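# Fold and contact review
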Amino acid sequence: MKYPILILFLVTALAADAQEFTDSISGKETTILLKKLRLQQASPSERAVLQKTALSLQVTGQSLDERSHDYKKSLSQIDKAIDLYEALNDTLSLAFNKKYKGHLLVRLDKLSQAKTEIRAAASLYGAARSGTGVASSQFDLARIFEFENNPDSAVYYAGLAGSYWKTQGDNQQILVINNMMVYHLLQLSEVEKALLIYQESQLLLTKHPPHWQPLLDFYFTSMLLFRQINDATNAAHYRELYTGQVDVLRTEGITARSYYDNMSQ
């Protein structure tokens, strides 16, 4: 238990430091420095102040989201950070905050705006040659299309993200994406494609034991797959593996279900 407590302490400390710094510099002062920056008249020390202000706003925004679940106030802070990072030409920080803004807009049920922000983040990550950032943004888009019950687009963006993670040999990420693709390919009645991806995931499981969540998702989506092709034996096998893993986790104090089991309710 000491690690979650330590992480919570660090997040709390960062948020407190960020708030203290943000409070120490007035909005008027920031506006003056931002104007100088845009006119290319800001000194290195003034740029450093704006960089620290942007980070403080970002951390405060994340804290409002993660600790208080106040998504509107969080969005206000992230928007201010975006303005500063844009003026500072800090591409990676701008990409991160655009992506984070997309996450907040999803929370606020503004899915169309969320997609716009995350697409912008993917483009910025691409400009910065961050394949991880691009793939992560593509997966976020897949999730949003999933929320919109648009399986075609969910499969498309999941496939793009999966292509990158395969080049990195990240089996955990590949399994997460494969589970998503199998679920939505079954919605589209593309059973043969789903079966090929299932077989790929089966091979991945022999290489490295995954976290329990993608494992539950694999068992559940495999059960759905075999039900759809009328293979009762394998469907029952994966149903047994799924319920068995749920029971094992329960004995460890973890209440869990497959993400796709929850979606199917």
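Along every chain, residues carry numbers that run from 1 in the direction the sequence is written. Only residues with pLDDT of at least 70 get local features here, since the model is predicted, and only at 80 or more are side-chain atom pairs given and counted; chain-wide, interface and lining totals rely on the full set of residues. Computation of side-chain values covers all heavy atoms of the structure but excludes hydrogens and water.

### Some thoughts on the side chain of Asn 97
Per the convention used, a helix needs a DSSP run of H or I reaching at least four residues, while a strand needs a run of E reaching at least two, with both numbered from the N terminus. Counting through the fold element by element, Asn 97 comes out in helix 5 (residues 91-107). Look past the residues within four positions of Asn 97 in its chain and what remains in contact with it is Gln 58, Ile 78, Ala 81, Ile 82 and Tyr 85. We call two residues in contact whenever any of their non-hydrogen atoms come within 4.5 Å of each other.

### Considerations on helix 4 (residues 71-87)
For a helix, the expected span equals 1.5 Å multiplied by the number of residues minus one. Counted at 1.5 Å a residue, the expected span for helix 4 with its 17 residues is 24 Å, and the 24 Å between its end C-alpha atoms agrees. Each residue is placed in one exposure class: buried if its accessible area under a 1.4 Å probe, protein chains only, is under 20% of its type's maximum, exposed if it is over 50%, and partly exposed if it falls in between. Taken together, the buried positions of helix 4 are occupied by Tyr 71, Ser 74, Leu 75, Gln 77, Ile 78, Ala 81, Ile 82, Leu 84, Tyr 85 and Ala 87. At its buried positions, helix 4 is contacted by helix 2 (27-38), helix 3 (44-66) and helix 5. Phi turns positive one or two residues past the end of helix 4, at Asn 89, with a value near 55°.

### Here we look at the nonpolar core
Buried residues of nine kinds, namely Ala, Val, Leu, Ile, Met, Phe, Trp, Tyr and Cys, make up a nonpolar core once their side-chain atoms join them within 4.5 Å. Ranked by size, the top nonpolar core spans 69 residues in total, and within it Leu 37, Ile 177, Met 181 and Tyr 238 carry the most contacts. When near neighbours in sequence (up to four residues on either side) are disregarded, Met 181 contacts Val 155, Ala 158, Gly 159 and Ile 197.

### Overview of unusual backbone geometry
Unlike most non-glycine residues, Arg 129 shows phi in positive territory, near 60°. Along the chain, Arg 129 falls in the loop between helix 6 (111-127) and helix 7 (131-147). In this structure, Asn 149 takes a positive phi of about 55° despite not being glycine. Counting through the fold element by element, Asn 149 comes out in the loop between helix 7 and helix 8 (151-168). A residue is classified by how much of its surface remains accessible, and Asn 149, at 58% relative accessible area, is exposed.

### With respect to the pattern of salt bridges
The term salt bridge refers to a side-chain nitrogen of Lys or Arg lying within 4 Å of a carboxyl oxygen of Asp or Glu. In the structure shown here, the tally under the stated rule is 11 salt bridges. Where Asp 261 meets Arg 257, a salt bridge forms, and the shortest distance between an N and an O atom there is 3.4 Å. Overall, Asp 261 belongs to the buried group, its relative accessible area being 11%. Residues joined in a network through salt bridges with shared partners are Asp 79, Lys 98, Lys 101 and Glu 117.

### Things to note about helix 6
Helix length check: helix 6, at 17 residues, gives a terminal C-alpha distance of 24 Å against a target of 24 Å (1.5 Å per residue), a fit within 8%. For helix 6, the complete set of buried residues consists of Leu 111, Ala 114, Lys 115, Glu 117, Ile 118, Ala 121, Ala 122, Leu 124 and Tyr 125. Where helix 6 is buried, its residues meet helix 5 and helix 7. The positive-phi residue at the C-terminal boundary of helix 6 is Arg 129, with phi of around 60°.

### A look at the confidence of the model for the protein
Of all residues in the protein, 90% attain a pLDDT of 70 or more, and the chain-wide mean is 91. Each residue gets a pLDDT score, which is the predictor's confidence in that residue and runs from 0 to 100. Long-range and interchain partners of residues 1-16, a stretch whose pLDDT sits below 50, account for 6 contacts in this model, where long-range means more than four residues apart. Per-residue pLDDT stays below 50 along residues 18-24; that stretch engages in 11 contacts with residues further than four places along the chain or on separate chains.

### Side note on the packing of helix 3 against helix 5
Comment: axis = line fitted to C-alpha atoms, over the contacting stretch for helices; angle = value between 0 and 180 degrees taken between N-to-C directions. Two numbers describe how helix 3 lies on helix 5: the axes approach to 12 Å, and their chain directions differ by 25°. When the axes of helix 3 and helix 5 are compared, the pair comes out roughly parallel. For the element pair helix 3 and helix 5, the recorded crossing hand is left-handed. From helix 3, Gln 58, Gln 62, Asp 65 and Glu 66 reach across to helix 5, where they touch Phe 96, Asn 97, Tyr 100, His 103 and Leu 104. Think of it as three bins: nonpolar holds Ala, Val, Leu, Ile, Met, Phe, Trp, Tyr, Cys and Pro, charged holds Asp, Glu, Lys and Arg, and polar takes everything else, Gly as well. When the residues that make up the contact of helix 3 with helix 5 are grouped by side-chain class, the tally is 3 nonpolar, 4 polar and 2 charged. Oblique is the label for any angle not covered by the other classes, which are roughly parallel (under 35 degrees), roughly antiparallel (over 145) and roughly perpendicular (65 to 115). Put simply, a crossing is left-handed when the front helix is turned counterclockwise from the back one by less than a right angle, and right-handed when it is turned clockwise.

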